[in-house]
Amino acid sequence: MSGNEVDSELQADVAAIGRLDGVPTILSVVCKVTGMGFAAVARVTDTRWIACAVRDDIQFGLQPGGELDLDSTICSEIYTNGEPVVIDEVATDPHFRTHHTPARYGFQSYISMPIYRRSGEFFGTLCAIDPRPANLKNDDVIGMFRLFADLIGSELDAQQRLATSEAALLDERERAELREQFIAVLGHDLRNPLASIAAGAQVLAHAPLDSRASTMVGMISKSVQRMARLIDDVMDFARGRLGGGLGLVRQDNAPLQPAIEQVVSELRVAWPERLITSSMSFTEPVACDAGRIGQLLSNLLANALTHGDQARPVHVAASTTGGRLELSVINHGTPMSPQILAQLFQPFVRSTVTRVEGLGLGLYIVSEIARAHNGSLDVVSNVDETRFTFRMSCGIPPA
């Protein structure tokens, strides 16, 4: 491989880290928890050390894309033996107190965790330094670094698989089939790193943190919940398209009102700046899957909060009348065009009214849940309101 090809490949690796939205938060949490002033994700080869993402509160002077002489770093040893290096205080460390790297860069505390891809290929390191000593040689800090390094490696693999798949999907039929298979694998593979993030957030929540760091941990927990919902949508889509069908557990007298109240409560917590009102009147038992109806409402309500007028409330109305359940979500704002309405419930379609962060599966899953309940889903959008309404029979229809 030529020198230009190597540079191109390394530049792509730096850019790949830059596309991982969670990396800045990881570096911020690392600095807050350890008290260290510099943290970075680095791409490390047998000859190069390149910064991919940086948090610099001590004016170390390194920017993404910047390089250090590999021989001047401790990462050359990590590349060779694949083991993390943790130093609480260089001056008292028997192995590193005479090492040239701390003397050259003027730090006393140091931690570096190797990052591996799923194939076992060494990518680089997650590291932090500070001119002051730090308490790093404990299970909580080392476990946090290992968790974050594993997460970065998993996210790089997922990103690479996505890019490879997209490049290969030239034919429309082949693209649809491979995308659906990829989604099934991706949804499954994301659960393990997501569980690790959730566990790490729980550990951090019990650590002595200042208010800003506590807020960040809360943001991580909320992001975990949002990603869990996205993964559920992805897996539901994959099951439906690959023959598994949408799972449904229908009960004769399902606890529907508590499920709806829980969804409204969760969204109020997630959107504290928005007003969500509700009205409910249940006079008849409903035979349904309460969890799935809750999922339907969660997707509709999140959609309304995202697209609706931010200054006006969103209303949830649920009632049973004459043997029928009716569940509506009403918001206000710019009405949807006939073109958007025509394809609203198709997978991988997102409204162009505002930017939406997601896969475009939420409303598709809503329509599938409605269909699985032999119900109907209607939407009206005009200058007065946008209203999504789900209707179904309270009883189980004959087979």
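Notes on the structure in this doc start here. Everything numeric in this text was worked out from a predicted model, so none of it was measured.

Calculation notes
- Residues numbered from 1 in each chain as written.
- Predicted model: local features only at pLDDT ≥ 70, side-chain atom pairs only at ≥ 80, totals over all residues.
- Heavy atoms only, no water.
- 1 Å grid on protein atoms, 1.4 Å probe; cavity = no way out; pocket = protein on both sides within 12 Å on 5 of 7 lines; lining within 4 Å.
- Points joined across faces, edges and corners; volume = space filled by probe spheres on them.
- Helix = DSSP H or I, 4+ residues; strand = E, 2+ residues; numbered from the N terminus.
- Nonpolar A, V, L, I, M, F, W, Y, C, P; charged D, E, K, R; others polar.
- Phe/Tyr/Trp six-rings, centres within 6.5 Å; stacked < 30°, edge-to-face > 60°.
- Buried < 20%, exposed > 50% of the residue type's maximum accessible area, 1.4 Å probe, protein only.
- Lys NZ or Arg CZ within 6 Å of the ring centre and 35° of its normal.
- Pairing = 2+ DSSP bridges.
- Salt bridge = Lys/Arg side-chain N within 4 Å of Asp/Glu carboxyl O.
- Contact = heavy atoms within 4.5 Å.
- Axes fitted to C-alpha atoms, helices over the stretch in contact; angles between N-to-C directions.

1. A short note on empty space enclosed by the protein
Using the criterion set out here, one finds two cavities of 30 Å³ or more in the structure. Roughly 130 Å³ of internal volume is contained in the largest cavity. Surrounding the largest cavity, 13 residues form its lining, Trp 49, Leu 68, Thr 73, Tyr 110 and Ile 129 being those nearest its centre. When contributions to the lining of the largest cavity are tallied by element, the ones reaching two or more residues are α4 (100-105) and β6 (122-130). Of the residues contributing to the lining of the largest cavity, the split by class is 11 nonpolar, two polar and no charged.

2. Comments concerning the packing of aromatic side chains
In total, this model carries six aromatic pairs according to the counting rule given. A ring pair is formed by Phe 60 and Tyr 105, whose centres lie 5.8 Å apart and whose planes are at 55°; its orientation type is tilted. Taken as a pair, Phe 60 in the loop between β2 (49-56) and β3 (67-68) and Tyr 105 in helix α4 lie far apart in primary sequence, 45 residues in all. Under the relative-accessibility criterion, Phe 60 is labelled partly exposed at 24%. Plain terms: the ring middles of Tyr 116 and Phe 122 are 5.5 Å apart, the flat faces sit at 80° to each other, and that makes the pair edge-to-face. Taking the relative accessible area as the measure of exposure, Phe 122 reaches 12% and is therefore buried. Here Arg 43 stacks its cationic end above the ring of Phe 123, 5.0 Å away from the centre of that ring.

3. Some words on the pairing of β2
Across the eight residues of β2, six count as buried, placing the element largely inside the fold. Sheet analysis places strand β1 (residues 38-44) next to β2, joined by seven bridges and oriented antiparallel. Directly across from Val 41, in β2, lies its bridge partner Ala 53. Counting the residues that bridge the hairpin from β1 to β2 gives four residues. Bridge count between β2 and β3: two bridges; the pairing is antiparallel. In the sheet register, Trp 49 faces β3, and the bridge partner there is Leu 68.

4. Quick notes on the layout of surface pockets
Quantified by volume, the second largest pocket comes out at close to 370 Å³. Contributing to the lining of the second largest pocket are 21 residues, with Val 33, Asp 140, Val 203, Leu 204 and Ala 207 lying nearest its centre. Looking at the lining of the second largest pocket, the elements that each hand over two or more residues are α2 (23-34), α5 (139-168) and α6 (172-205). No other element matches α5, which puts six residues into the lining of the second largest pocket. For the lining of the second largest pocket, the residue count by class is 13 nonpolar, five polar and three charged.

5. Some points on the pattern of salt bridges
Once the charged atoms of two side chains with opposite charge are near each other, the side chains can pair. Under the criterion given, the structure shown has 12 salt bridges. Two residues, Arg 117 and Asp 13, come together in a salt bridge whose shortest N-O distance is 3.9 Å. Residue Arg 117 is located in the loop between β5 (109-116) and β6, and its partner Asp 13 is located in helix α1 (residues 3-18); the two are separated by 104 residues in the primary sequence. Through salt bridges with shared partners, one network takes in Asp 13, Arg 43, Arg 117 and Asp 157.

6. Observations regarding the sheet that holds β6
Pairing between sheet strands relies on hydrogen bonds along the backbone, with the strands arranged either parallel or antiparallel. The strand order across the open sheet formed by six strands is β3-β2-β1-β6-β5-β4, and the pairing between neighbours is antiparallel. One side of each edge strand has no neighbouring strand; the edge strands of this open sheet are β3 and β4 (85-87). As paired strands, β4 and β5 are joined by three bridges and run antiparallel to one another. Looking at β5, one finds that Val 86 is bridged to Ile 111. Running at roughly 130° to β1, α2 makes contact with β1, β2 and β6 of the sheet.

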